[in-house]
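# Chain and residue survey
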Amino acid sequence: MDKPVLITLPKIVDPRGNLSFYEYPNQLPFEILRTYWVYDVPGGEIRGSHAFKEQQEFIIALSGSFDVVLHDGIKEERFSLNRSYYGLYIPKMYWRRLENFSTNSLALIVSDKLYNNEDYVRDFEEFKILVNEK
Ligand code: TYD
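What comes next is a walk through the structure.

Taken together, the residues surrounding the ligand are R34, Y36, R47, G48, H50, Y115, Y120 and R122. At 2.4 Å, a side-chain N or O of R34 approaches an oxygen atom of the ligand. Protein coverage of the free-state accessible area of the ligand, which is 520 Å², stands at 58%. Taken together, the elements giving at least two residues each to the shell around the ligand come down to strand 4 (34-38) and strand 5 (47-52). A total of 3 residues in the shell around the ligand trace back to one element, the largest contributor, which is strand 5. Of the residues assigned to the shell around the ligand, the class counts are 3 nonpolar, 2 polar and 3 charged.

Structure (structure tokens):
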């Protein structure tokens, strides 16, 4: 997949409490090598203004809500993650930022790569040049 996709994950409704999941390859298009999470975000803060050269990600608002804003080098698209059964797939080479975090929100992010600082593109002008070369 080379486009971002908002995937509605299975939801097993149960009076004892609901349950959702994802698994590769049914909902998740890659195998997970790393999981991290972002939490205790103060109101108004923005995380993750950068792109990845190779890494793909899948983001879920496990609790609360926030927006993921993606830029493909030409246009911007905003995805509001406000249900714990939505998962946003982000291909490599999308500029992305996370904002509008609600109080006590929890962002779960899984990736197909280990952490590698070399994979980051942190300069938006450099990103536009790189993405438009392809
Ligand atoms: P970073 O991805 O730059 O977060 P943001 O773009 O939201 O600011 O990560 C912040 C710091 O955390 C950075 O110094 C590297 C470290 N880090 C790891 O050590 N391992 C990881 O898996 C991640 C995602 C970050």
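On to the pairing of strand 10 (residues 95-99). Counting buried residues in strand 10 gives 5 out of 5 residues, a clear majority hidden from the surface. Examined bridge by bridge, strand 5 and strand 10 share 2 bridges and lie antiparallel to one another. Residue pairing in the sheet places R47 in a bridge with L98 of strand 10. Summarising the sheet, strand 7 (residues 66-71) and strand 10 pair through 5 bridges and their orientation is antiparallel. In the strand pairing of strand 10, L70 is matched with R96.

The rules we used
Residues numbered from 1 in each chain as written. Predicted model: local features only at pLDDT ≥ 70, side-chain atom pairs only at ≥ 80, totals over all residues. Heavy atoms only, no water. Near = heavy atom within 4 Å. Polar contact = N/O pair within 3.5 Å; in protein donor to acceptor, adjacent residues only side chain to side chain. Areas by Shrake-Rupley, 256 points an atom, 1.4 Å probe, with all protein chains shown as cover. Helix = DSSP H or I, 4+ residues; strand = E, 2+ residues; numbered from the N terminus. Nonpolar A, V, L, I, M, F, W, Y, C, P; charged D, E, K, R; others polar. Buried < 20%, exposed > 50% of the residue type's maximum accessible area, 1.4 Å probe, protein only. Pairing = 2+ DSSP bridges.

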